[in-house]
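Single-letter residue listing:
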Amino acid sequence: MIVAPDDAGIRRAVQLLRAGSVVAFPTETVYGLGADATSADAVAEIYRLKRRPSWNPLIVHVADVARARTLARRWPAVADELAARFWPGPLTVVVERAAGLPGDLDTVALRIPAHPVALRLLRESGLALAAPSANRSESISPTTAQHVLGSLPEVPLVLDGGPSACGIESTVVDLTVSPPRLLRPGALGLRALREVTGPLTLPVSVAARDGSGDGTVVADGVARPSPGMSRRHYAPRARLILAEDVDAVPRGGLAGPVAVLTYEGRGPGDEVLSADPSEYATDLYAALHRLDDAAVGTILVQAPPDTEDWLAIRDRLGRAAA
Ligand code: TXA
Ligand code: MG
């Protein structure tokens, strides 16, 4: 059920969460599927609904830095600097994990989301909320309440906070190593991040282009530093093909109907997104959901520029096309 995030909606959500159930809620990046992070049963319900493999750990959302610190065994100085600059916001930090959270990992991923509904839910529930994106594992993340219900019709409650402003997931950075290591490019750009962290280690998928990777090649289905690195992810039902020139792709063998996803200045297409990377990100998943709803067989995607500003978008498109 989709409900407005008014007093009654928040009260209902808090009741469900305190009773160990799950609730979908808006964040500035994408919608999350939340549950009490300290309850093994509640967290298990997230994995069940999403059909998420158990090796893929969840981000824990908190209302303030003080709460984040209680979930960390060690809170490095750089975490304080990042929190001061970017929280609430689309940055997730991985730090050593305090005792008391379910699971046997040594680390925990933490973030304070910037959406007022998410913050109100965190404050009024008094809980830390484990919350992955509120979609079936491997499919496109939801940026509206309707997307959530389309992917996870069994979710008892979806708080409707309107379309997510960022439109792609948070940037995930591992602070347990020095220099910090980027685990997933995301809504917070690397330039801003590096202003606080200094040099960053980039994952192989990203670093392949500039040669600064740490050499760790991670195969699908094995233990990995961040499962956001799994090869196929964020995928629509339609086959997605990334092309430098969509007009040069032979249409012959493609499942139809064939749709084209481009951005301004690159010729006419069925779906034309902004040429500004952050505006493009805001609309990308909604466009992919729309094309899936239209039962398109193939989506030809004009590859965006190979620059750092487009890194997170190219990462998601690459995984969707895998
Ligand atoms: O924007 C976002 O981050 C959204 C909203 C709801 O906050 N959440 C999200 O969650 O994208 P999810 O579960 O779809 O992605 C979480 C990412 C995964 O790549 C996961 O592997 C990584 O964070 N992660 C979580 N805990 C980790 C840990 N302890 N160590 C390394 N990576 C971790
Ligand atoms: Mg996800």
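Our structure is the block above this text.
A brief structural summary.

1. Examining the overall build of the chain
Each helix and strand counted, the chain has 10 helices and 14 strands in total. Relative to a compact globule of 322 residues, whose C-alpha radius of gyration would be 20 Å, the chain shows 19 Å and is just as compact. Projected onto its principal axes, the C-alpha coordinates of the chain cover approximately 55 × 45 × 35 Å. Roughly 13500 Å² of accessible area belongs to the chain as shown, and the carbon and sulfur atoms make up 52% of that amount. Computing the positive centroid from 33 side-chain charges and the negative centroid from 37, the chain places the two 4 Å apart.

2. Quick look at helix α7 (residues 190-197)
When α7 is considered as a whole, its buried residues turn out to be Leu190, Leu193, Val196 and Thr197. Projection of α7 onto a plane perpendicular to its axis shows the buried side chains occupying an angular sector of 125°, all on one side. For α7, the exposed residues set more than 90 degrees away from the buried face come down to Arg191 and Glu195. Residues of α7 that are buried in the fold lie against α4 (77-86), β5 (91-96), β9 (171-174), β10 (181-184) and α10 (311-321).

3. Remarks on a negative patch on the surface
On the surface, Glu264, Asp276, Glu279 and Asp283 cluster together into a negatively charged patch. Of note, Glu279 is situated in helix α9 (residues 277-293).

4. Things to note about the nonpolar core
Core analysis: the biggest nonpolar cluster contains 49 residues, and Val93 and Leu110 have the highest contact counts within it. Put simply, the parts of the chain that give this core at least two residues each are β3 (32-36), α2 (40-50), α4, β5, β6 (107-111), α6 (145-151) and α7. For this core, the leading source of residues is α2, giving 5 residues. Those residues in contact with Val93 that lie beyond four places of it in its chain are Trp75, Leu82, Trp87, Val108, Ala109, Leu110, Val173 and Leu175. Residues Ile140, Tyr285, Ala287 and Leu317 belong to the second largest nonpolar core, which totals 25 residues.

5. Focus: the packing of aromatic side chains
In the structure shown here, the tally under the stated rule is 4 aromatic pairs. By way of ring pairs, the aromatic residues Tyr263, Tyr280 and Trp310 are connected into one cluster.

6. So, the sheet that holds strand β11 (residues 239-243)
The 4 strands are arranged β11-β14-β12-β13 in an open sheet whose pairing can be described as parallel. Looking at strand neighbours, the two that pair on one side only are β11 and β13 (271-273), the edges of this open sheet. Averaged over all pairs of adjacent strands, the angle between their axes in this sheet comes to 20°, without regard to strand direction. In terms of strand pairing, strand β12 (residues 258-263) meets β13 through 3 bridges, oriented parallel. In the strand pairing of β13, Tyr263 is matched with Leu273. Along the sheet face, α10 touches β11 and β14 (298-302) and points at about 130° away from the line of β11.

7. Some details on the pairing of β6
Burial runs high along β6: 4 of the 5 residues are buried. Judged from the 3 bridges that link them, strand β4 (residues 59-61) and β6 form a sheet pairing that is parallel. Along β6, the bridge assignment pairs Val60 with Leu110. Pairing between β5 and β6: 4 bridges, direction antiparallel. Residue pairing in the sheet places Glu96 in a bridge with Thr107 of β6.

8. Some thoughts on the side chain of His147
Residue position: His147 is located in helix α6. The class of His147 is buried, set by a relative accessible area of 14%. The residues touching His147, leaving out its near neighbours within four places in the chain, are Pro142, Ala286 and His289.

9. Describing the pattern of salt bridges
Counted according to the given criterion, the structure contains 17 salt bridges. Notably, a salt bridge pairs Glu308 with Arg194, separated by 2.9 Å at the nearest N-O pair. Residue Glu308 is found in the loop between β14 and α10, and its partner Arg194 is found in helix α7; the two are separated by 114 residues along the sequence. Connected via shared salt-bridge partners are Glu169, Asp315, Arg316 and Arg319.

What counts, and where the lines are drawn
Just so you know, the residues in each chain are numbered from 1, in the order the chain's sequence is written. Just so you know, chain letters begin at A and ligand numbers begin at 1, following the order they were written in. For this predicted model, a pLDDT threshold of at least 70 governs which residues receive local features, and a threshold of 80 or more governs which side-chain atom pairs are given and counted, while totals over whole chains, interfaces and linings are taken from all residues. Values reported for side chains reflect all heavy atoms of the structure, with hydrogen atoms and water molecules removed beforehand. Strands here are runs of E lasting at least two residues and helices are runs of H or I lasting at least four, both read from the DSSP assignment and numbered beginning at the N terminus. As defined in this context, the radius of gyration uses C-alpha atoms, and a globule is described by 2.2 Å times the residue total to the power 0.38. Per-residue and other accessible areas follow the Shrake-Rupley method at a 1.4 Å probe size, with only the shown protein chains counted as cover for residues. Think of it this way: Lys and Arg go in the positive column, Asp and Glu in the negative one, and His and the chain ends go nowhere. By convention, the charge on Lys lies at NZ, on Arg at CZ, on Asp at CG and on Glu at CD. For every residue, the accessible area (1.4 Å probe, protein chains only) is compared with the maximum for its type, and the residue is labelled buried under 20%, exposed over 50%, or partly exposed between those bounds. Relevant arc is that of directions from the helix axis to the C-beta atoms, nothing else. What makes two residues a contact is simply this: any of their non-hydrogen atoms within 4.5 Å. Patches in this entry comprise residues that are over 30% relatively accessible and not in a salt bridge; like charges within 9 Å are linked, as are nonpolar side chains (Val, Leu, Ile, Met, Phe, Trp, Tyr) within 5 Å. Whenever Lys or Arg places a side-chain nitrogen within 4 Å of a carboxyl oxygen from Asp or Glu, that contact is recorded as a salt bridge. Nonpolar cores were defined as sets of buried Ala, Val, Leu, Ile, Met, Phe, Trp, Tyr and Cys residues, with membership established by side-chain atoms within 4.5 Å. Any two of the Phe, Tyr and Trp rings considered here, Trp counted by its six-membered ring, make a pair once their centres fall within 6.5 Å; the pair's planes then place it as stacked at under 30 degrees, edge-to-face at over 60, or tilted in between. One bridge is not enough; two strands pair if DSSP finds at least two bridges between them. A fitted line through C-alpha atoms represents every axis, and for helices the fit uses only the stretch in contact; the resulting angles, taken between N-to-C directions, go from 0 to 180 degrees.

Any link to function would need more than the numbers given here.
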